[in-house]
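What follows is each chain in one-letter form.
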There are 2 protein chains.
Amino acid sequence: MIGKAIPRIESKDKARGKAVYTGDVVLPQKILVGKILYSQVPHGIIKNIDYSEALKVPGVKAVITSEDFKVKRTGLIMEDEMILATGKVRFIGEKIAAVAAVNEEAANEALSKIKVEIEELPHLSDPLKALETDSILVHDDLIKEGLAESMGIEGNLCSSMELCQGDIEKGFEEADVVIEDTFKTSKVHHCFIEPHVSLALWHPEKGFNVWTSTQGYFFIQQKLAAIFSLPITKVKVMPVESGGAFGGKVSLCVEPLVCALSMKAGQPVRITVGRDEEFLYGKPRFPATTKIKLGVKKDGSITALHSQIYYDLGAYSDFGPIMMYAATNNACGPYKIPNAKLEGYAVYTNKISGTSFRAPGVPQYCFALESMINRAASKLGMDSIEIRKKNAVTNGYVRVSGEPINGNSFLTVLDKAKELLDKNPKRDEVGIAACIWETRAGPSSILLRLSDDGRILIITGVCDLTGARTIFVQIVCDVFSVEPDDVEIIYQDSSTAPVTPPSTGSGTIYNVGHVVKSAAESLKSEIIKIAMERLECSDESEIEISAKKAVKKGTDKSVSFAEISKYSRHKLGKVLMKEASSVAEYNATLFGLQMAEVDVDTETGKVDVKKITAIHDVGKIMNPLLLKGQVEGAILQGTGFAVLEEIVFNDVKALTDNFSDYAVPTIKDVPEKEIIILEGDYSKDGPYGSKGIGEPPVVPTAPAIADAVFKKTGVAISELPLSPERVFKALKEKSS
Amino acid sequence: MIGKAIPRIESKDKARGKAVYTGDVVLPQKILVGKILYSQVPHGIIKNIDYSEALKVPGVKAVITSEDFKVKRTGLIMEDEMILATGKVRFIGEKIAAVAAVNEEAANEALSKIKVEIEELPHLSDPLKALETDSILVHDDLIKEGLAESMGIEGNLCSSMELCQGDIEKGFEEADVVIEDTFKTSKVHHCFIEPHVSLALWHPEKGFNVWTSTQGYFFIQQKLAAIFSLPITKVKVMPVESGGAFGGKVSLCVEPLVCALSMKAGQPVRITVGRDEEFLYGKPRFPATTKIKLGVKKDGSITALHSQIYYDLGAYSDFGPIMMYAATNNACGPYKIPNAKLEGYAVYTNKISGTSFRAPGVPQYCFALESMINRAASKLGMDSIEIRKKNAVTNGYVRVSGEPINGNSFLTVLDKAKELLDKNPKRDEVGIAACIWETRAGPSSILLRLSDDGRILIITGVCDLTGARTIFVQIVCDVFSVEPDDVEIIYQDSSTAPVTPPSTGSGTIYNVGHVVKSAAESLKSEIIKIAMERLECSDESEIEISAKKAVKKGTDKSVSFAEISKYSRHKLGKVLMKEASSVAEYNATLFGLQMAEVDVDTETGKVDVKKITAIHDVGKIMNPLLLKGQVEGAILQGTGFAVLEEIVFNDVKALTDNFSDYAVPTIKDVPEKEIIILEGDYSKDGPYGSKGIGEPPVVPTAPAIADAVFKKTGVAISELPLSPERVFKALKEKSS
């Protein structure tokens, strides 16, 4: 069953329109419509909020402001984020108030009647300038309240780090070529099909039932419990399908608002964030400015790297600090660099915050590093693959961060790329970029249960973004030699489902799959033990498991799973269930490389991505269909990031608010794709040696495309997206 | 916490209108309205069913007949009942077809367009006549198919039994007084507030989700799985509140129909049985005819009993065989009778079937036996209490059935009654009747879980009719010394909830409570074990549990339940959960006695029940508020049975179809109630020594009232209800 191309088990329901998303949930009670009032001022002091007129609008059931929350702040990593603006507003789009009404019209009318007086303050739009000033402080209140210090905030610098190895100056001295540049990436949106939707039902004794489009039920549960000072079991986050997330649904969004509104209105309340709100006020990928200096010898060996990554957090940190930490840790990419200084900065400005987005922080940085490697190769007249082979990390190599590489496939990836390139008559025009990825081991748990009908239930509360459920079913099928119809995924809410981490970091199958396998094996052992008793065997090798039966080998004696379950319940007094809670011990390192072929229209500057060839190591292919879907989607998202997508700002005000203005790739923009998956460099802890593939394929696409443009036109562009304007300008500059 | 008068934990939701019953359930998809076509012919051969015109009615989505079921028959005990009439109809009210449509109007119109051709056959209305004939056979097809024999069916006799002890003829010879009579009880309806409502949603891969007003989710699951040939986990019976049941919701009702309709229509379908349908076609209490002959010596000792109980099953057996078995087994009541012949007969006729109804079978029989005891006392000029003391069973006494008495409170009950009577100046007018009840031990299971917030979750799928949830919370509170808010009942559907038997036989707290207590104690042990490790104790006596903490006695060192849960999950890799599955070993016998005071209007025959004094043994009072509620409700139901309630028939056609015609007691009929609960005769296996009290208080009310009428007027009436007509007629006969 492992390695089979089984469609996602929920795909039929999604195709039939029967999958239930938060927007589909109905309740016996009338669900009120919630709406949010956003700040239109980038920075200012709230002098007064008067919603008395809003309450008079017929059909309005509740209005909330920051006053309705005892706990004012929350946050994904650091608690620096106001649930509703308190004292100040910090960006255009900050949530100030919310209303609940019987319909959208009444809710909108109520919003229009809320009077907010704000005394505008000067604002910060540029992170590098924000670092230099003390006169405009985004989080002056945290400083005043004495909280900034313990949170590590200095002025507008939310958090920073520096890693050093070797002697950077000596390194650059040893280099034959030293190149330097500054790279910029834009704010891009996840463009999940389903916007943020949350629904809450308050019960005075039992607390909240919450339905929400999220990547992590348990995280939402914990955060809401903290905000409302409730025991966690009084916040039940209910399982619903998620219509795309890509990292953009890790944080709290409108969950605290629907909860507070439901509590105040005494009715369930749902907020469906509009597409315009997602674009204007939602959390995109953090944009980055990366200053990079690279020293290389004539033979291609890298002698020194100095990188400074500046992430523009916007007003609140969200995923920023951990992203900055992870990106800085891995700023050497998949290369052995003896002398390195890696700096990371996460800086507050008065703009919309960003959040996690598929391979958070890495596409921004990889664009800079891989572009520099390609430019160095070009300077040295060296092959793009060769320079990478020269510096490639191998298994056990200890990085600047102190973390070892747990994977040995980079050279295999490079060899495969060379093999393909050598066959390509236009090889000199092919853009190249590599990536390194770390699937991180984390704690997880699962509950497996044998039922009286011999079927095996997998009880979970995991958010399935990538087909995790399907893989879990495959694992159980494999362990028990049963068919998918003999296994069922049972979702439970966060009060009883086994705790799983949010579905992030390409770690769901790696970590949850790990416990699914171990729980399945331990349940199987128990089944065999009972079968031995029933079939009078003295050794488990006498038992064979097949077709939901335990058979005594070489005889026609057998006992069915159904009988074993009933026997266990009735005679042994126990339900056959196994909860596995464990931590995979080892991280897994995996590598990839993508090759881009482009046409550039020199008249217009338009980059037409013709083909992307993606080579990725996954350890073990669990399901080729799902795997291919992940890689294809990532390539498309990487292509959008490379050439099309950008939330356009006028200073601190987002302008792009719809899919006509925001150029997400359409079917006409889809490049030809060749996907090569390498197996064999098995992980130690992923089930069957698998590694996480959800994120890495989105990483090298943009730098590969930039390299192809570079190779095709000779212009090296350091800012994304490679829009017609930008490319045209660069071509013009070059020719002039 | 045990013994505290805590209101039912769901009572606030019920009062607020927020409790969710099947009728309240909403689904993302449009729920179709299901309606049933009933036979208006009592017995006949179905020649043809044509529903082609019904399908043309706009909005009609599906029509089903017996053709739509591969499995045609089901049944509570014996599989003799047609899901939809197949080949024949057997009573007025038999379900022939069902439709699902977008609204009630379309559904009703469709029903009116179904053409059913039936060739009418002669029918049976009297069970005694049915026994004598072979020319009219209710289940000729079972006989033809060769199934009748293995089911024990002979002609129209569904099942029968005979128990003998001593020498009955010698017993009657020894008697000084021998009396004989035939008693009859009528069909009475449970009158649950919520009629039968069922809703099903078919999913092609996952099977059915079913919401239904039932007493047993797991029973419904098993029956539906069998009918639709599905593994049981593909039938998920979802927890909803039940709006009263009283035994009338043990069997399948419209569940197979909504399932088949949903499967055929591809949409969810709900059938809400109308009050008129409940009265006309629903299953009431089986009426009984009891022939009884009693021999008594002058000193009051009973020498012989010959009883013949005939239950009129109607067309299908439902609960009948087991009820007949239980009643016959206990036909000696709480009396030692050396010579006895106890016969029981369950007989098919062409009438609506009956079903279980609070203390199934017993009120019918007890009316006969207790009336005879009172008449014997009267003949002997003996006190009603004295004659009972003379023959009272005591602990360990082995009954005719071979089962021992496990309880010793009958004499205490009688002494208490005497004490009260002696204070009553009108003692000679007080009607008396006693009862014996057996709470039967059965298998049950429960899942308890300590959460990371230190709260304890009770995971169950029990149907709570009598406040079971509240008692379970009290038990857990007692074991862990916590408050009710620290405990929560979590309902899961029948695919994952621990299996519990249907809520019947006054056994829910006895059996499920038994495992709740043992699971709680074993979870507590585990908590203490971890606390010992954390607090460095070598013996568990050093640990004290209080306020969700384990405290090291005599120190200020403690570890909270929350910390213990997290430590166990994170460090020991296990969730603290305990599933207890076990069987209470011993049945518990309990006794009761009720005294009735009445006024009889000799002009009209109207019996006015002034006061009922109820004395009942419960072993241990778990919650006096809930206990009182059970006894009060039972007295009222017993009063209705005694003087008011009857579904009136014209031959085999029910006429009573509403609450104006069916005289359920109203607030004006409520007698004064004095309730005396005796504790101390603890059961061996019920939690804290408790016994089941749901049913016994409904048993002696009617014979006590009949006795009061007898004592007051001298007329001994042998048929219920003691309606004005009946009493007036008896008074007239006596005076003439």
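Residues numbered from 1 in each chain as written. Chains lettered and ligands numbered in written order. Predicted model: local features only at pLDDT ≥ 70, side-chain atom pairs only at ≥ 80, totals over all residues. Heavy atoms only, no water.

(A) Main features of the domain arrangement of chain A. All names here are of chain A. Taken domain by domain, chain A comprises domain 1 (11–121 + 193–244 + 249–281), domain 2 (358–437 + 588–735) and domain 3 (443–583). Distance between the C-alpha centres of domain 2 and domain 3: 39 Å. Listed per partner, the contact involves 18 residues of domain 2 and 16 residues of domain 3. Counting the surface lost from both domain 2 and domain 3, the interface buries some 1300 Å², and carbon and sulfur atoms represent 58% of this. Looking at the side of domain 2 facing domain 3, the largest losses of area belong to Asp685, Pro687 and Tyr688, adding up to 39% of the total buried there. Scanning the region where domain 2 abuts domain 3 turns up zero salt bridges. For the side of domain 2 that touches domain 3, the residue count by class is eight nonpolar, seven polar and three charged. (Domains from an automatic or database assignment. Contact = heavy atoms within 4.5 Å. Buried area = accessible area lost by both parts, 1.4 Å probe. Salt bridge = Lys/Arg side-chain N within 4 Å of Asp/Glu carboxyl O. Nonpolar A, V, L, I, M, F, W, Y, C, P; charged D, E, K, R; others polar.)

(B) View of the relation of the copies chain B and chain A. Of the transformation placing chain B onto chain A, the axial shift is 0.0 Å and the rotation is 180 degrees, giving an RMSD of 0.0 Å. Within this description, the copies of the chain are treated as partners about a two-fold rotation axis. Taking C-alpha positions as reference, the residue of chain B nearest the rotation axis is B:Val26, located at 3.1 Å. Comparing interface residues between copies, 100% of those in chain B also lie at the interface in chain A; the contact surface is shared. (Least-squares fit on C-alpha atoms with pLDDT ≥ 70 in both.)

(C) Geometry of the interface of chain B and chain A. Every contact between the two is made by 43 residues of chain B and, on the other side, 43 residues of chain A. Around 3600 Å² of area is buried between chain B and chain A when both sides are counted, 50% of it from carbon and sulfur atoms. At the surface where chain B touches chain A, the tally comes to eight salt bridges. A salt bridge links B:Lys236 to A:Glu488; its shortest N-O distance comes to 2.5 Å. Counting every contact that joins chain B to chain A gives 21 residue pairs in polar contact (both at pLDDT 80 or more). Taken together, the elements giving at least two residues each to the side of chain B that touches chain A come down to helix 1 (11–16), strand 19 (443–450), strand 20 (456–460), strand 21 (487–491) and strand 25 (577–583) of chain B. Looking at the side of chain B that touches chain A, its residues break down into 15 nonpolar, ten polar and 18 charged. (Polar contact = N/O pair within 3.5 Å; in protein donor to acceptor, adjacent residues only side chain to side chain. Helix = DSSP H or I, 4+ residues; strand = E, 2+ residues; numbered from the N terminus.)

(D) Spotlight on a nonpolar patch on the surface. All names here are of chain A. On the surface, Ile77, Ile322 and Tyr325 cluster together into a nonpolar patch covering about 270 Å² of accessible area. Mapped onto the elements, Ile322 comes out in helix 11 (residues 320–329). Here Ile322 falls in the partly exposed class, since its relative accessible area comes to 38%. (Patch = residues over 30% accessible without salt bridge, like charges linked within 9 Å, V, L, I, M, F, W, Y side chains within 5 Å. Areas by Shrake-Rupley, 256 points an atom, 1.4 Å probe, with all protein chains shown as cover. Buried < 20%, exposed > 50% of the residue type's maximum accessible area, 1.4 Å probe, protein only.)

(E) Quick look at the sheet that holds strand 2 (residues 44–50) of chain B. Residues and elements named next belong to chain B. Taken together, three strands build an open sheet; the order of strands is 6-2-8 and the sheet is antiparallel. In this open sheet, the two edge strands, each paired with only one partner strand, are strand 6 (88–89) and strand 8 (115–120). Looking at chain direction, strand 2 and strand 6 are connected through two bridges and run antiparallel. Among the inter-strand pairings, Ile45 is bridged to a residue of strand 6, identified as Lys88. (Pairing = 2+ DSSP bridges.)

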